[in-house]
Amino acid sequence: MYENYWQQMGERTTVVIPGWQSMSYFSDVKNPCWFLEPEFAKQVVRLHNVVGNAVTDGRQIVVGTGSSQLFLAALYALAPKDGSEPMSVVSAAPYYSSYPSMTDCLKSGLYKWAGDARSFNKEVPYIELVTSPNNPDGFVRHSMVNRTGGILVHDLAYYWPQYTPISSPADHDLTLFTVSKATGHAGTRIGWALVKDLEVAKKMIKFIELNTIGVSRDSQLRAAKILEVMTNTSENLGSFDSHESFFKISYHLMAERWQLLRVAVNRSRAFSLPDFTPGFCHFLNQDSQPQPAFAWLKCEDDHVEDCESFLRGYKILTRGGRHFGVGPKYVRISMLDRDNNFDLFVKRLSTIQS
Ligand code: PMP
């Protein structure tokens, strides 16, 4: 979806890296995160300051090969090394479908997936993943385990103005972001963590050292350039060239898409979508609508048990609710595909009658 925008930016985002540059493993030996490119760190701070979606003061920035690597680094850093059993990892259903599989893929002795945070009632230490806005359903979230004492990891992949009102700068202990959903550059594989406790950050850095001996410097330089241009276009929203603002343009594109989808869903009456309440966005300086990167669609027809296979029959590919810890009446559909695919999806959906 964001391809058109970046095409229009043209040469402004081109990065040239000569063969002799960025050859060493090391980016900045004075930084605890020695593989963090200073230019990338600088652009991360600038971007958060302009958007107002996260506090960066007093935080260690840890760069990762996508926020996926940082998610595993966080589990490694936060789980005690001498626990009598693996630490429980929970998230409220519906949760991002990769959390359970990534948590359990190596059958670690340090941590294990323990399911839905809402029903977690064991009197043991735990890590809770708080995804806000949430993947798959788009709602703003807070911790859901019904007691204190858990360690929270905030996955804010979608806390950007095109998806949700920016209500205040996030100020958590450990927060994950990714360029994948902020700018659309998923293939660059760059994410970052903002970490309050330096000792936790150092363990995450150690994990990345053991895992991949750092993070592609080329990718960090490319990501830095993308973030720089994105921030430049959004710095003075009142100014005459704010029509180039990545976030403003993307906000309007998402608004159009959600409107088209809601019209199609209302027409077909076979489905329903979540309802969201608008909130004041301090970045856009106006009330703004939540318009998530995914549509969390429910099949309302009593005769349809499995919404995923039902929609496959109409050549609409989705991911079924079971992957997200709920029933098969729900499916998740990406709202970020190219225009042609999105239009085709809406057209096909609107032909389905209850
Ligand atoms: N967290 C959430 C909530 C996501 O939706 C995604 C991407 N689908 C990720 C993390 C992974 O992002 P990355 O591409 O940075 O690994």
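Everything numeric in this text was worked out from a predicted model, so none of it was measured.

Moving on: the site of the ligand. Looking at the ligand, the residues that line it are G66, S67, S68, Y96, T131, N135, D155, Y158, T178, S180, K181 and R189. Residue S67 places a main-chain N or O atom 2.7 Å away from an oxygen atom belonging to the ligand. S68 is positioned with one of its side-chain polar atoms (N or O) 2.5 Å from an oxygen atom of the ligand. In isolation the ligand has 400 Å² of accessible area, and contact with the protein removes 90% of it. Looking at the shell around the ligand, the elements with two or more residues in it are helix 3 (66-78) and helix 5 (179-182). Sorting elements by how many residues they give to the shell around the ligand places helix 3 first, with three residues. Here the residues of the shell around the ligand are counted per class, giving two nonpolar, seven polar and three charged.

This part is about the packing of helix 8 (residues 246-268) against helix 10 (residues 339-350). As a packed pair, helix 8 and helix 10 sit with axes 8 Å apart at the nearest point and diverge in direction by 20°. It follows that helix 8 is roughly parallel to helix 10 by the angle criterion. Handedness of the crossing formed by helix 8 with helix 10: left-handed. Facing helix 8, whose interface residues are R257, L260, L261, A264, V265, R267 and S268, helix 10 presents D339, F342, F345, V346, L349 and S350. Looking at the contact of helix 8 with helix 10 residue by residue, the classes come out as eight nonpolar, two polar and three charged.

Two side chains of opposite charge can pair, provided their charged atoms sit close to one another. Throughout the structure, instances matching the rule amount to 14 salt bridges. The shortest N-O distance in the salt bridge between R257 and D339 comes to 2.9 Å. On the criterion of sequence distance, the pair formed by R257 in helix 8 and D339 in helix 10 is long-range, its members being 82 residues apart. Residue class for D339 comes out partly exposed when judged on its relative accessible area of 38%.

What follows is about the packing of helix 2 (residues 38-51) against helix 7 (residues 217-234). Two elements in contact, helix 2 and helix 7, have axes separated by 9 Å at closest approach and are oriented at 25°. Classified by the angle between their axes, helix 2 and helix 7 sit roughly parallel to one another. Pair helix 2 / helix 7 crosses with left-handed handedness. Touching E39, F40, Q43, V44, R46, L47 and V50 of helix 2 are Q220, A223, A224, L227, E228, M230, T231, N232 and S234, all from helix 7. For the contact of helix 2 with helix 7, the per-class residue count stands at eight nonpolar, five polar and three charged.

This part takes up the pairing of strand 11 (residues 294-299). Along strand 11, five of the six residues are buried, which leaves the element largely enclosed by surrounding structure. Pairing analysis gives two bridges linking strand 8 (residues 271-272) to strand 11, with the strands arranged antiparallel. Looking at the pairing, S272 lines up with K298 of strand 11. Bridging between strand 11 and strand 13 (residues 330-334) involves five bridges; their strand directions are antiparallel. If you follow A295 over to strand 13, its bridge partner there is I333.

Tallying each qualifying case throughout the model produces one disulfide. Residue pairing for C299: its cysteine sulfur links by disulfide to C307, the two sulfurs lying 2.3 Å apart. Residues C299 and C307 are joined through a disulfide that is right-handed, its torsion about the S-S bond being 65°.

As a further point, take helix 2. Each α-helix winds once per 3.6 residues, and so residues spaced three or four apart point in a common direction. End to end, helix 2 covers 20 Å across 14 residues, agreeing with the expected 20 Å (1.5 Å per residue, within 8%). Of the positions making up helix 2, those classed as buried are F40, A41, Q43, V44, L47, H48 and V51. All buried residues of helix 2 project into a common sector of 165° when viewed along the axis, lining one side. Turning to helix 2, the residues buried within the fold contact strand 1 (60-65), strand 6 (174-178), strand 7 (190-195), helix 7 and helix 8. Positive phi appears at G52, one or two residues downstream of helix 2, with a value of about 75°.

Conventions and cut-offs
- Residues numbered from 1 in each chain as written.
- Predicted model: local features only at pLDDT ≥ 70, side-chain atom pairs only at ≥ 80, totals over all residues.
- Heavy atoms only, no water.
- Near = heavy atom within 4 Å.
- Polar contact = N/O pair within 3.5 Å; in protein donor to acceptor, adjacent residues only side chain to side chain.
- Areas by Shrake-Rupley, 256 points an atom, 1.4 Å probe, with all protein chains shown as cover.
- Helix = DSSP H or I, 4+ residues; strand = E, 2+ residues; numbered from the N terminus.
- Nonpolar A, V, L, I, M, F, W, Y, C, P; charged D, E, K, R; others polar.
- Axes fitted to C-alpha atoms, helices over the stretch in contact; angles between N-to-C directions.
- Parallel < 35°, antiparallel > 145°, perpendicular 65-115°, else oblique.
- Left-handed = near helix turned anticlockwise from the far one by under 90°.
- Contact = heavy atoms within 4.5 Å.
- Salt bridge = Lys/Arg side-chain N within 4 Å of Asp/Glu carboxyl O.
- Buried < 20%, exposed > 50% of the residue type's maximum accessible area, 1.4 Å probe, protein only.
- Pairing = 2+ DSSP bridges.
- Disulfide = S-S within 2.5 Å.
- Expected span 1.5 Å × (residues − 1).
- Arc of directions from axis to C-beta.

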